[in-house]
Amino acid sequence: AQSVTQLDSQVPVFEEAPVELRCNYSSSVSVYLFWYVQYPNQGLQLLLKYLSGSTLVESINGFEAEFNKSQTSFHLRKPSVHISDTAEYFCAVSDNDKIIFGKGTRLHILP
Amino acid sequence: EAGVAQSPRYKIIEKRQSVAFWCNPISGHATLYWYQQILGQGPKLLIQFQNNGVVDDSQLPKDRFSAERLKGVDSTLKIQPAKLEDSAVYLCASSRMVNGYTFGSGTRLTVV
């Protein structure tokens, strides 16, 4: 079965600084990969996903993630964070026809 | 398109009581999932339905949890009797394909 590892439970970063949230998954077998975001007191929202094709995928709010098959990673990056990016970020991987989530990384933006 | 509807939004019960959650998926989505998200953790899959049949319930605590999806549309998740450790957000999701998941807003359960 697939699994997802998010090594950092919390990442503090200053506003307008770059950030990387790390994610590794368990298998190099063909997979779909996802990043979900959960803002305070809200539900889960899909941020971006990798299905096939270009290994770099982008979201509409400036985040991007790169699928690296050799390192089984799918790290999430943003060149300049804003206070509104404060949220919990979950990396997820498909396992047959269901999605398995990591434990999450809390992004804490410092003023 | 309407999203995944869940109710109630919040529920507080005493331990050993029973509780039920309801989910109405997006029209046409054959697959429905229930997840449990304990505070500070990622969502954990409890059960997966394909139409009205169970595909995977390996992580469902069957001694106290049950779920059904009558007629392959709405679904109900029940806990009987509840324990303190069942306090969590219960998320419903539906999809046509695995790359098209949509989550509901969830039901926040507090067991006291």
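Residues numbered from 1 in each chain as written. Chains lettered and ligands numbered in written order. Predicted model: local features only at pLDDT ≥ 70, side-chain atom pairs only at ≥ 80, totals over all residues. Heavy atoms only, no water.

It is worth spelling out the pattern of salt bridges at this point. Residues and elements named next belong to chain A. Counting across every chain of the model gives eight salt bridges over all chains. One salt bridge in this structure joins Arg-77 and Glu-20, with 2.8 Å as the shortest N-O distance. One end of the pair, Arg-77, is in strand 9 (residues 73–78); the other, Glu-20, is in strand 3 (residues 19–21), and 57 residues separate them in sequence. Residue Arg-77 is classed as partly exposed on the basis of its relative accessible area, which comes to 27%. (Salt bridge = Lys/Arg side-chain N within 4 Å of Asp/Glu carboxyl O. Helix = DSSP H or I, 4+ residues; strand = E, 2+ residues; numbered from the N terminus. Buried < 20%, exposed > 50% of the residue type's maximum accessible area, 1.4 Å probe, protein only.)

Our focus in this paragraph is the pairing of strand 2 (residues 10–14) of chain A. Across a regular strand the side chains alternate sides, sitting on one face of the sheet and then on the other. Residues and elements named next belong to chain A. Burial of the side chains of strand 2 is restricted to one face: Val-11 and Val-13 are buried, whereas none of Gln-10, Pro-12 and Phe-14 on the reverse face is. In this structure, strand 2 lies alongside strand 12 (residues 105–110), joined through five bridges in parallel fashion. Along strand 12, the bridge assignment pairs Val-13 with Ile-109. (Pairing = 2+ DSSP bridges.)

Enumeration over the complete set of coordinates arrives at 16 aromatic pairs over all chains. Ring-pair connections join several aromatic residues into one group, and the members of that group are Phe-34, Tyr-36, Phe-90 and Phe-101 of chain A together with Tyr-33, Tyr-35, Tyr-101 and Phe-103 of chain B. (Phe/Tyr/Trp six-rings, centres within 6.5 Å; stacked < 30°, edge-to-face > 60°.)

A separate point is the interface of chain A and chain B. Residue-level contacts link 18 residues of chain A with 17 residues of chain B. With both chains or domains summed, chain A and chain B bury close to 1400 Å², and 56% of this area falls on carbon and sulfur atoms. On the chain A side of the contact with chain B, Leu-44, Asp-97 and Lys-98 of chain A bury the most area, a combined 33% of that side's loss. In this structure, the connection of chain A to chain B is made through one salt bridge. We note a salt bridge from Lys-98 of chain A to Asp-56 of chain B, for which the minimum N-O separation is 3.2 Å. (Contact = heavy atoms within 4.5 Å. Buried area = accessible area lost by both parts, 1.4 Å probe.)

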